[in-house]
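Below are the chains, spelled out letter by letter.
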Amino acid sequence: MDTKERRLFIGCRKPQKLIVMSAFDGKVQADLPIGAGVDATKFDNGQAFASLADGTLSVASEVSKGKFEIVQTVKTPRGARTMGIDSSTHTIYLPTAEFEEPKPGATGRPAAKPGTFMIVVVARHAGH
């Protein structure tokens, strides 16, 4: 939530959208397309982030008064969908692992390969 502007950022799986909603009146201000398997949404330093199981991190910004867009899609490893942000450094942390190939006809999430746990770090480049 953007507490200053009183906006909620809601990640939806079906349909695959990042919804921007006014916390004042519940009106939808934007519905932005995102990838598959959203797990977390966060707001930090004027931007909203949606971490997705499909191997992407969607970054949304208010590009003009009341107009929102996905301004960047960052490639991440598949499964990096849980997210934490250090608000002092604006660094994003995404835990994941490498996964086994799914067996034919299998449903659900593939098994993690033993010993492959990792933390993906997403940070802005200096000057950005």
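Structure's up top.
How each quantity is defined
- Residues numbered from 1 in each chain as written.
- Predicted model: local features only at pLDDT ≥ 70, side-chain atom pairs only at ≥ 80, totals over all residues.
- Heavy atoms only, no water.
- Pairing = 2+ DSSP bridges.
- Helix = DSSP H or I, 4+ residues; strand = E, 2+ residues; numbered from the N terminus.
- Phe/Tyr/Trp six-rings, centres within 6.5 Å; stacked < 30°, edge-to-face > 60°.
- Buried < 20%, exposed > 50% of the residue type's maximum accessible area, 1.4 Å probe, protein only.

**Q** When you look at the pairing of strand 4 (residues 38-44) in this model, what are you seeing that I'm missing?
**A** Two faces, one strand: in a regular strand the side chains alternate between the faces of the sheet. Two elements, strand 4 and strand 5 (residues 47-52), share six bridges in a ladder whose sense is antiparallel. Residue pairing for strand 5: Thr 41 is matched across the bridge by Ala 50. Linkage of strand 4 to strand 5, two consecutive antiparallel strands, is achieved through a turn of two residues, within which Asn 45 is found at a positive phi near 55°.

**Q** What is the right way to read the packing of aromatic side chains from this model?
**A** Aromatic ring pairs: the centre-centre distance and the angle between the two ring planes describe each pair. This model, assessed by the stated rule, comprises two aromatic pairs. Where Phe 9 meets Phe 43, the ring centres are 5.2 Å apart and the plane angle is 10°; that geometry is what we call stacked. Residue Phe 9 is located in strand 1 (residues 7-12), and its partner Phe 43 is located in strand 4; the two are separated by 34 residues in the primary sequence. A relative accessible area of 10% means that Phe 9 is categorised as buried.

**Q** I keep staring at unusual backbone geometry and nothing clicks. Help me out?
**A** For residues other than glycine, phi is negative in most cases, and the peptide bonds are mostly trans. In this structure, the amide linkage connecting Lys 14 to the following residue, Pro 15, adopts the cis form with an omega of 5°. Even without glycine at this site, Arg 6 takes up a positive phi of about 60°. Inspection of the secondary structure puts Arg 6 in the segment before strand 1. Residue classification places Arg 6 among the partly exposed residues on the basis of a relative accessible area of 34%. Its identity as a non-glycine residue notwithstanding, His 90 has a phi of 60°, on the positive side. His 90 gets classed as partly exposed once you look at its relative accessible area, which sits at 28%.

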